[in-house]
Amino acid sequence: QVPLVESGGGLVQAGGSLRLSCAASGRTFNNYIMAWFRQAPGKEREFVSSIRWNDGSTFYADSVKGRFTISRDNAENTVYLQMNNLKPEDTGVYYCAGKLVWRTTYDYWGQGTQVTVSS
């Protein structure tokens, strides 16, 4: 198991910013793809962004391109999601997830952190 712990959620007005963090105690993310997903009330969980740990390559959902930035800190074994120009439709529970690069499904999940964007 890879325990993932998210932090950084909260309440913000539309147009504001938040930064989410995801840390794994005592473990590195080498050979992992780390990602952020979100789930809005009454909706299915959806992909937001991912980063390949070894080379830093990133991928974003169209809905967040240009507003969100995923990054990593090798020394801290932490993944970040910088969210700018937040919109009410960004509201939801944000989950950190990880998988080995050759896996097709994400095996490790955090407990989630709530992000609420008011209009």
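Residues numbered from 1 in each chain as written. Predicted model: local features only at pLDDT ≥ 70, side-chain atom pairs only at ≥ 80, totals over all residues. Heavy atoms only, no water.

1. Details of the nonpolar core
Under the convention used in this document: What is meant by a nonpolar core is a set of buried Ala, Val, Leu, Ile, Met, Phe, Trp, Tyr and Cys residues, joined one to another through side-chain atoms within 4.5 Å. Burial here depends on accessible area, computed with a 1.4 Å probe over protein chains only, as a share of the maximum for the residue type. Under 20% is buried, over 50% is exposed, and the range in between is partly exposed. Under the scheme used here, helices are H or I runs from DSSP no shorter than 4 residues and strands are E runs no shorter than 2 residues, and both carry numbers assigned from the N terminus. Contacts are residue-level and defined by heavy atoms, with any inter-residue pair within 4.5 Å sufficient.
Met34, Trp36, Val79, Leu81, Met83 and Tyr94 are the most contacted members of the largest nonpolar core, which totals 27 residues. Of all the secondary structure elements, the ones that give two or more residues to this core are β3 (18-24), β4 (32-39), β5 (46-52), β7 (68-73), β8 (78-83), β9 (92-100) and β11 (113-118). By residue number, the principal contributor to this core is β3, which donates four residues. Excluding anything up to four places from it in sequence, Tyr94 contacts Glu6, Leu20, Trp36, Phe37, Arg38, Val48, Phe68, Leu81, Met83, Gly112, Thr113 and Val115. With five residues, the next largest nonpolar core counts Ile33, Ala35, Phe37 and Ala97 among its residues.

2. Description of the packing of aromatic side chains
Let me state the cut-off plainly: A pair of Phe, Tyr and Trp rings is counted when the ring centres sit within 6.5 Å of each other, with Trp represented by its six-membered ring. The angle between the planes then sorts it: under 30 degrees is stacked, over 60 is edge-to-face, the rest tilted.
Per the stated rule, a full pass over the model turns up eight aromatic pairs. A centroid spacing of 4.9 Å and a plane angle of 75° characterise the contact between Phe29 and Trp53, whose relative ring orientation is edge-to-face. With Phe29 in the loop between β3 and β4 and Trp53 in the loop between β5 and β6 (58-60), this pair connects stretches of sequence that are 24 residues apart. Each ring, one from Tyr106 and one from Trp109, has its centre 6.3 Å from the other, and the planes form 65°; the classification is edge-to-face. Given the relative accessible area of 19%, Tyr106 is considered buried.

3. Looking at the pattern of salt bridges
Test applied: Within this document, salt bridges are pairs made up of a side-chain nitrogen of Lys or Arg and a carboxyl oxygen of Asp or Glu, the two lying within 4 Å of each other.
By the definition in use, this model includes five salt bridges. The closest approach of N and O atoms between Arg38 and Asp90, which form a salt bridge, is 2.8 Å. With Arg38 in strand β4 and Asp90 in the loop between β8 and β9, this pair connects stretches of sequence that are 52 residues apart. Take Arg38: its relative accessible area is 5%, and that puts it in the buried class. When its relative accessible area of 1% is taken as the criterion, Asp90 is described as buried. Close ionic contact of Lys65 with Asp62 constitutes a salt bridge, the shortest N to O distance being 3.1 Å.

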